[in-house]
Structures are given as structure tokens and as C-alpha cells.
Amino acid sequence: MSDEQQRRFDQRIASETAIEPQDWMPDAYRKTLIRQIGQHAHSEVVGMLPEGNWLTRAPSLRRKAILLAKVQDEAGHGLYLYSAAETLGCAREDLYQKLLDNQMKYSSIFNYPTLTWADVPVIGWLVDGAAIVNQVALCRTSYGPYARAMVKICKEESFHQRQGYEACTVLANGSDAQRQMLQDAINRFWWPALMMFGPGDDNSPNSARSLAWKIKLHTNDELRQRFVDNTVPQVELLGMTVPDADLYFDEATGHYRFGEINWDEFNQVIAGQGICNEERLAAKRQAWEAGAWVREAALAWSAKQAAPDAA
Ligand code: FAQ
């Protein structure tokens, strides 16, 4: 690395000019991006599982078609993100193998089970809603291919969030049993959704450097606060409640103040001891093994096409 390369990199970061794959970048910047984009990609593909669980049991053909489209979108997001990671010089197969070997993380939220139909609309509303808050900020992240992938992903996540909220309004206006099912789903997903933003700022080892490099443009706590401020009025509009006895609106700051997150639970989930960690990885491993013949056939076909005497 020359001083000139470092100077040019620093200048691009300062002037918010995107870093592109062919540009020189510090090794630690590249590694941080591979870690974050790789984990983000894994979250999208593991994130297909909890909702995919309800594809055969959606309550109407309309809901089934919407859910199928949403789950397919999440697969597409994973593919854009693996492609963005590959521009940093890593192989998609290696990243994916690290997921299967439990050497790379994916979002904690997908280690919770989907117990009733109400979990599907609540995931669309709260989980995609939290993902959007984080990802809208990432549309201006300093690495060009990641930022551009985020723009398309955010458009689709926005549709996911709205369909989720719309389906929640139907339950909220339904029978007592439906309202109760919705409240129960909110109770189970509220806190895990807040955990999606990561540890508190004083406990986030990667934040300072990622903020300096403008990979992250806001801290974990700032984005979590934005999500709470956006979402509490939506809960109230549904006639539901937030499962937090300490929640109140602070007139002086214009923000909702909320209770303490259970960080022990968060740490357990990201250490692999959540309710569904084993089930999720087992499902991905099984799919990878069952798909071996498809990969072999695709390779054989492409080798045949490349052969000089191919018809
Ligand atoms: N779960 O120092 P920090 C979606 C880890 S997409 C698991 O604060 P950082 C769409 C973190 O990796 C959801 N691990 O880390 C969808 C680090 O571990 P490491 C995914 C977590 O990177 C919807 C350690 O803790 N979105 O849902 C979590 O600066 C519906 C220390 O943390 C993204 O990935 C967590 N919640 O900030 C799909 C967004 N939080 O690697 C299907 C991009 C933290 O040092 C259905 N990522 N950790 O071993 C980010 O913005 C950041 O990576 C953060 C974490 C904010 C997640």
C-alpha cells in the first residue's frame, strides 16, 4: 500500500464518492464488507424459511400468491448480495459453506418460530420494516455495489412491509380470536425485531470503524430508535399494544422511550442457542445436499456447451 493509495481512498470516503471494485481499499475495509454483506446475504436466504413454513397453509389463494412472491424476492436479495460480495474477491461457494459450517452469522430474527398465520403478516410488517430502516441508510453506504444492490432491495422490502401491514389490518378488524392471534404475534416478534439492529452502541465492536469508513451511516441505537418511532403509532392504529411496560412518548425529545432489551437472549441467539438455530441450519444443509444433482447437471451442461465440437 502506498501513501498515495491510502490518501485517495480517504479522500473518496470524505467526499462520499463510492469505492468501486477496481479501486484500492484497505484490507480491513474489504474484510469488514465481506463479513457484513455475506451475513446480510445469509440472512436473506435463511429468512425464507420462517415464512416459507406457511406457504402451504396461507388462508386464501391471494395470500398464498403474495407470500410466494415475497419469499422468492428474499432469494433474489440473497443473490444480489452474494454477487456484491463476490466483487470483493471472495467466492460465493466459500461464503455459503461458512454459513453451512456455522462459521458465519445470519440475522438473529430468523431463529424464532412462526407459530400461527398472524406471524406471517407481523414478519412482513415488523421484520421487513426493521430491515428497511437499516437498508435505506445502506443505500448510501461507501461501497458502490452494496449501495446499488440496496436500492432495488429497499423497493421490494417496501412492498413486503405494506402487504404485511395490510394483512395485519384484516386480522385487527376480524374476530376476537384473530385479534388475539395478532396481539400474540406482536408480543413474540416485537423484542426480536428491536434486536435486529445489533448490540447497543457502547457494546458494538465494529461500529466505530464502520462509521469512519461510512459503511454504516448511523449507529445501531439510532436506527433502532427510528424504527420504534415509526412503528409504535402503527401498532396503536391497529388497536394493538406494544409488549413493553416502560414505553412512553417523551414530549421533550419527540421520541418514544422504551425498556431494556434482553441482551442475554440476544447473545444466546447469535451464539447458536436460539429456538430454531439448529433447525434453520439443518434445513439449509439438507437443501444444499439435495440440490447436488442440479449443480452437477448445470456444470456438465456448461462444459458441453464450451466443448469445441458442441452443436
Ligand atoms: N443478528 O459490532 P456490531 C432482512 C453481530 S435482512 C446476528 O454492531 P455490525 C430481510 C455482528 O455481526 C436482515 N448477529 O456489528 C428479510 C457482529 O458479529 P461478528 C439482515 C448480529 O456488523 C426480511 C457482532 O454481533 N440485515 O431481515 C446481529 O457493525 C424478512 C457485533 O455487532 C443486515 O444484515 C443480529 N441482529 O452491525 C429477509 C443488514 N446484530 O461479525 C427475509 C446489514 C449484530 O463481529 C424475511 N448489516 N450481530 O462476529 C448491518 O447493518 C450490520 O451488520 C448490523 C450489525 C447492524 C446487523
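Residues numbered from 1 in each chain as written. Predicted model: local features only at pLDDT ≥ 70, side-chain atom pairs only at ≥ 80, totals over all residues. Heavy atoms only, no water.

### Topic: the packing of helix H6 (residues 119-138) against helix H7 (residues 144-172)
Between H6 and H7, the least distance of the axes is 7 Å, while the angle of their chain directions is 155°. Considering their axes alone, H6 and H7 lie roughly antiparallel with respect to each other. The chirality of how H6 crosses H7 is left-handed. Class assignment of the residues belonging to the contact of H6 with H7 gives a composition of 16 nonpolar, 8 polar and 2 charged. (Axes fitted to C-alpha atoms, helices over the stretch in contact; angles between N-to-C directions. Helix = DSSP H or I, 4+ residues; strand = E, 2+ residues; numbered from the N terminus. Parallel < 35°, antiparallel > 145°, perpendicular 65-115°, else oblique. Left-handed = near helix turned anticlockwise from the far one by under 90°. Nonpolar A, V, L, I, M, F, W, Y, C, P; charged D, E, K, R; others polar.)

### Some remarks on the packing of aromatic side chains
Applying the stated criterion to the full structure yields 11 aromatic pairs. Relative to Tyr29, the ring of Phe9 lies with its centre 5.0 Å away and its plane at 75°, an arrangement referred to as edge-to-face. Of the two residues, Phe9 is situated in helix H1 (residues 3-14) and Tyr29 in helix H2 (residues 27-46); the sequence distance between them amounts to 20 residues. Side by side, Phe9 and Tyr29 carry an identical accessibility label, which is buried. Between Tyr96 and Trp288 the ring centres are 5.2 Å apart and the planes differ by 50°, which places this aromatic pair in the tilted class. (Phe/Tyr/Trp six-rings, centres within 6.5 Å; stacked < 30°, edge-to-face > 60°. Buried < 20%, exposed > 50% of the residue type's maximum accessible area, 1.4 Å probe, protein only.)

### Things to note about the confidence of the model for the protein
Per-residue confidence for the protein gives a mean pLDDT of 97, with 99% of residues at or over 70. Two numbers describe this predicted complex: its pTM, 0.96, and its ipTM, 0.98. (pLDDT = per-residue confidence, 0-100.)

### Observations concerning the site of the ligand
Around the ligand, the surrounding shell holds 35 residues, and the nearest of these are Gln39, Lys105, Ser108, Ser204 and Lys216. Separating an oxygen atom of the ligand from a side-chain N or O atom of Lys216 is a distance of 2.6 Å. Across the complex, the protein chains shield 90% of the 1,100 Å² of accessible surface that the ligand would expose by itself. Its atoms largely coinciding with the cavity grid, the ligand occupies the largest pocket. For the shell around the ligand, a count of residues per class yields 13 nonpolar, 13 polar and 9 charged. (Near = heavy atom within 4 Å. Polar contact = N/O pair within 3.5 Å; in protein donor to acceptor, adjacent residues only side chain to side chain. Areas by Shrake-Rupley, 256 points an atom, 1.4 Å probe, with all protein chains shown as cover. 1 Å grid on protein atoms, 1.4 Å probe; cavity = no way out; pocket = protein on both sides within 12 Å on 5 of 7 lines; lining within 4 Å. Sits in = over half its atoms within 2 Å of the grid points.)

### Digging into empty space enclosed by the protein
This structure, assessed with the given rule, holds 1 cavity of 30 Å³ or more. The volume enclosed by the largest cavity comes to roughly 50 Å³. Lining the largest cavity are Arg63, Ile66, Leu67, Trp117, Val120, Pro121, Gln163 and Ala167. Secondary structure elements with two or more residues in the lining of the largest cavity: helix H4 (61-86), H6 and H7. By residue number, the principal contributor to the lining of the largest cavity is H4, which donates 3 residues. Of the residues contributing to the lining of the largest cavity, the split by class is 6 nonpolar, 1 polar and 1 charged. (Points joined across faces, edges and corners; volume = space filled by probe spheres on them.)

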